[in-house]
Amino acid sequence: IASQSTSSPNPSVSSEKEAALAAASTPSDSPTIFDKIINKEIPANVVYEDEKVLAFRDINPQAPVHILIIPKVRDGLTRLAKAEERHFDILGRLLYTAKVIAKQEGLEEGFRIVINDGPKGCQSVYHIHVHLLGDVKWSGLLA
Ligand code: TR5
């Protein structure tokens, strides 16, 4: 973790993360920053793209490899708690893509997958995404 807030109620959460969580305390259906990345309106370090899925490096990495894997069409999946049967395919694709990218990144010895859900699950961007973390040093359940 790059920086820690001494006044943090949760010392395992970085100050950048706290700020993001404070800014996103209300789950919403509004477009997110990820739409701008999908539409190439703002740049991202893209590591994988196909017709359904986009993956790019996290701007505030919590591990030497930290990649976000997102559906190009959100289709109501602001968060995992909104998943319905119609999302079976995309949810499977997100996980399968994580495995493909892990191989691409040379993470033969293993990796971590994280999905944050909702205000009490540390979610800050309401467009479902899978965190792929590689070369992780154990720091609790969430960096
Ligand atoms: O907190 P959750 O689980 O919702 O994860 C959201 C992730 O998006 C965080 O790990 C952020 O660091 C990451 N993030 C936020 C922005 C951003 C990004 N990753 C890449 N590029 C980004 N841009 C350009 N802008 C952001 N606001």
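Structure first, text after, so check above.
Sequence order sets the numbering: in each chain, residues are counted from 1 along the sequence as written. Predicted model: local features are reported for residues with pLDDT of at least 70 only, side-chain atom pairs are reported and counted for 80 or more only, and whole-chain, interface and lining totals are derived from all residues.

*Asks:* Got a sec to walk through the nonpolar core? Specific residues and values, please.
*Replies:* Core analysis: the biggest nonpolar cluster contains 23 residues, and Ala-55, Ile-67, Ile-69, Ala-98, Ile-101 and Leu-132 have the highest contact counts within it. A run of DSSP states H or I qualifies as a helix once it reaches four residues; a run of E qualifies as a strand once it reaches two. Both are numbered from the N-terminal end. The element best represented in this core is strand 3 (residues 65-71), accounting for 5 residues. Two residues qualify as being in contact provided that their C-beta atoms, derived from the backbone, are within 7 Å of each other. With residues up to four places along the chain from it excluded, the contact list for Ile-101 reads Val-47, Tyr-48, Ala-55, Ile-67, Ile-69 and Leu-132. The term nonpolar core refers to a set of buried Ala, Val, Leu, Ile, Met, Phe, Trp, Tyr and Cys residues connected through C-beta atoms within 7 Å. Exposed residues have 12 or fewer other C-beta atoms within 10 Å of their own C-beta, buried residues have 20 or more, and partly exposed residues fall in between, where C-beta atoms are placed from the backbone.

*Asks:* Please set out the sheet that holds strand 2 (residues 53-57) residue by residue, giving values where relevant.
*Replies:* When DSSP finds at least two bridges between two strands, those strands are taken to pair. Spatially, 1-2-3-5-4 is the arrangement adopted by the 5 strands of the open sheet, whose pairing is antiparallel. With one partner strand each, in any of the chains shown, strand 1 (46-49) and strand 4 (111-114) form the two edges of the open sheet. Geometrically, the sheet is characterised by an average inter-axis angle of 20 degrees between neighbouring strands, direction not taken into account. Pairing of strand 2 with strand 3, which is carried by 5 bridges, proceeds in the antiparallel orientation. Note on strand 3: the bridge partner recorded for Phe-56 is Leu-68. The angle between two axes is taken between their N-to-C directions and runs from 0 to 180 degrees, where each axis is a line fitted to C-alpha atoms and a helix contributes only its stretch in contact.

*Asks:* An account of unusual backbone geometry is requested, with residue identities and associated values reported.
*Replies:* The phi dihedral of Asp-75 falls on the positive side, at around 50 degrees, and the residue is not glycine. Here Asp-135, not a glycine, exhibits a phi torsion of approximately 60 degrees, which is positive. By the element assignment, Asp-135 lies in the segment after strand 5 (130-134).

*Asks:* For helix 3 (residues 88-104), give the residues involved together with the corresponding values.
*Replies:* Its 17 residues place the ends of helix 3 24 Å apart at the C-alpha level, agreeing with the 24 Å of an ideal helix rising 1.5 Å per residue. Of the residues making up helix 3, those classed as buried are Leu-94, Thr-97, Ala-98, Ile-101 and Ala-102. The buried residues of helix 3 all sit within an arc of 140 degrees when viewed along its axis, so they share a single face. Away from the buried face of helix 3 by more than 90 degrees, exposed residues Phe-88, Asp-89, Gly-92, Tyr-96 and Lys-103 are located. One or two steps after helix 3, the chain reaches Gly-106, where phi turns positive at roughly 75 degrees. A helix is expected to reach a length of 1.5 Å times the quantity of its residues less one. Each direction from the helix axis to a C-beta atom contributes to the arc, which is the arc of those directions.

*Asks:* How would you summarise the pairing of strand 1 if you had to cite specific residues and measurements?
*Replies:* Sheet topology note: the strand 1/strand 2 ladder contains 3 bridges and is antiparallel. Paired with Val-46 across the strands is Phe-56, a residue of strand 2. Between the end of strand 1 and the start of strand 2, which pair antiparallel, lie 3 residues.

*Asks:* Provide a residue-level description of the site of the ligand, including the pertinent values.
*Replies:* If you check the shell around the ligand, you find 14 residues, and the closest are Ile-59, Asn-60, Asn-116, Ser-124 and Val-125. Amino acids outside the nonpolar list (Ala, Val, Leu, Ile, Met, Phe, Trp, Tyr, Cys, Pro) and the charged list (Asp, Glu, Lys, Arg) are all regarded as polar, and Gly is one of them. When grouped by side-chain class, the residues that make up the shell around the ligand number 9 nonpolar, 4 polar and 1 charged. Whether a residue is near a molecule or strand depends on its C-beta atom, generated from backbone atoms, being within 6 Å of that molecule or strand.

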